[in-house]
Amino acid sequence: MKCRRILSGLLAAFLVLSLCAVPSYAADAPTLPHVSVEPTVVETPKGYNVNDFQKLLAFLEIADADGVKNGTKLSSAETPYSPEDPTTWGSDVFVTLEWRDFDGDKRLVTFNADGMKLFGELDLSGCSCLERLSVAYNSLSKINCANASAMITLFCQENQLT
């Protein structure tokens, strides 16, 4: 019984720590290559939550050293990525991107994109309806899920988190 309580406490502490953004204090920490691209300004489509849409769009617009955007990596050749059209986001068969209607407001609830060679910092803070985030086996340097109060599942192992 005591062992179960200790294990539960450790698991709860790990979950709290994993949901918090961890700042990098190491001045000499290795940096990943990054191509600077002007952010795409896109108006949030009618019916979508502004915070969820803009946070995910900002991440999808990050390009790697070869200039390939995360959004392109998540989309299929048949349905190429378009920043203006969230139905093209995550059209690859190995990606799950689910929006659900909450009182006329489409909210991000699931984002599964394991092993898709995603790059950069993923900031989904304020996505309060996000239940499942699985971005393992990528090259993410930071994940921020602050105020993702509906979070049930988080998988983010094998990234470049600092």
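The rules behind the values
Residues numbered from 1 in each chain as written. Predicted model: local features only at pLDDT ≥ 70, side-chain atom pairs only at ≥ 80, totals over all residues. Heavy atoms only, no water. Buried < 20%, exposed > 50% of the residue type's maximum accessible area, 1.4 Å probe, protein only. Helix = DSSP H or I, 4+ residues; strand = E, 2+ residues; numbered from the N terminus. Arc of directions from axis to C-beta. Contact = heavy atoms within 4.5 Å. Polar contact = N/O pair within 3.5 Å; in protein donor to acceptor, adjacent residues only side chain to side chain. Pairing = 2+ DSSP bridges. pLDDT = per-residue confidence, 0-100. Axes fitted to C-alpha atoms, helices over the stretch in contact; angles between N-to-C directions. Core = buried A, V, L, I, M, F, W, Y, C linked by side-chain atoms within 4.5 Å.

A.B. asks: Can you help me understand helix H2 (residues 50–60) in this one?
C.D. replies: Helical geometry note: an α-helix holds 3.6 residues per turn, so side chains three or four residues apart project in the same direction. Here H2 has its buried residues at Asp 52, Phe 53, Leu 56, Leu 57, Phe 59 and Leu 60. Down the axis, H2 shows its buried residues gathered within 160° of arc, on one side only. If you follow the buried residues of H2, they end up packed against helix H3 (70–73), strand S1 (96–102), strand S2 (105–112), strand S3 (119–123) and strand S5 (139–144). Two or three places before Asn 51, at the opening of H2, Asn 49 has a side-chain oxygen 3.0 Å from that residue's backbone nitrogen.

A.B. asks: Where do I start with the pairing of S2 in this structure?
C.D. replies: Regular strands place their side chains on alternate faces of the sheet. Sheet analysis places S1 next to S2, joined by seven bridges and oriented antiparallel. For Phe 102, the partnering residue across the bridge sits in S2 and is Asp 105. The antiparallel hairpin formed by S1 and S2 contains two residues in its connecting segment, where Asp 103 sits at a positive phi of about 55°. Two elements, S2 and strand S4 (residues 132–134), share three bridges in a ladder whose sense is parallel. Among the inter-strand pairings, Thr 110 is bridged to a residue of S4, identified as Arg 132.

A.B. asks: It is not clear to me how unusual backbone geometry should be interpreted in this structure. Could you clarify?
C.D. replies: Negative phi is the rule for most residues except glycine; trans is the rule for most peptide bonds. Non-glycine residue Tyr 137 carries a positive phi angle of around 60°. Residue placement: Tyr 137 occurs in the loop between S4 and S5. Of note, the phi angle at Glu 158 is positive, near 60°, even though the residue is not glycine. By the element assignment, Glu 158 lies in the segment after strand S6 (153–155). Note on Glu 158: relative accessible area 56%, which makes it exposed.

A.B. asks: Quick question: what am I supposed to make of the confidence of the model for the protein here?
C.D. replies: Detailed conclusions should not be drawn from predicted coordinates in areas where pLDDT is low. Scored by pLDDT, the protein has a mean of 84; 75% of the residues are at 70 or more. When the criterion is pLDDT under 50, residues 10–17 qualifies, and its contacts beyond four places in sequence or with other chains add up to zero contacts. For residues 19–32, every residue scores under 50 in pLDDT, and the model assigns this stretch 15 contacts once sequence neighbours within four places are set aside.

A.B. asks: How should I be thinking about the sheet that holds S1 in this particular structure?
C.D. replies: Working definition: the strands of a sheet are paired by backbone hydrogen bonds and lie parallel or antiparallel to each other. The strand order across the open sheet built from four strands is S1-S2-S4-S6, with neighbouring strands paired in mixed fashion. Each of the sheet's edge strands pairs with one partner strand only, and the pair in question is S1 and S6. Adjacent strand axes in the sheet meet at a mean angle of 25° when their direction is disregarded. Across the sheet, H2 touches S1 and S2, and the angle it forms with S2 is around 40°.

A.B. asks: Honestly, the side chain of Thr 44 in this entry has me stumped. Any pointers?
C.D. replies: In this structure, Thr 44 sits in the loop between helix H1 (2–19) and H2. A distance of 2.9 Å separates a polar atom in the side chain of Thr 44 from a polar atom in the side chain of Gln 54. Among all residues touching Thr 44, those that are not within four sequence positions of it are Asn 49, Val 50, Phe 53 and Gln 54.

A.B. asks: In this structure, what is going on with the nonpolar core? I would like to understand it.
C.D. replies: The tendency in soluble globular proteins is for nonpolar side chains to be buried as a group. Within the largest apolar cluster, 33 residues are counted, with the highest numbers of intra-cluster contacts made by Leu 56, Trp 89, Phe 111, Leu 124 and Leu 133. Contributing elements (two or more residues each) for this core: H2, S1, S2, S3 and S5. Tallying contributions element by element places H2 first for this core, with five residues. When sequence neighbours within four positions are dropped, the list of residues in contact with Leu 133 reads Phe 111, Asn 112, Leu 122, Leu 124, Ile 143, Cys 145, Met 151, Thr 153, Leu 154 and Phe 155.

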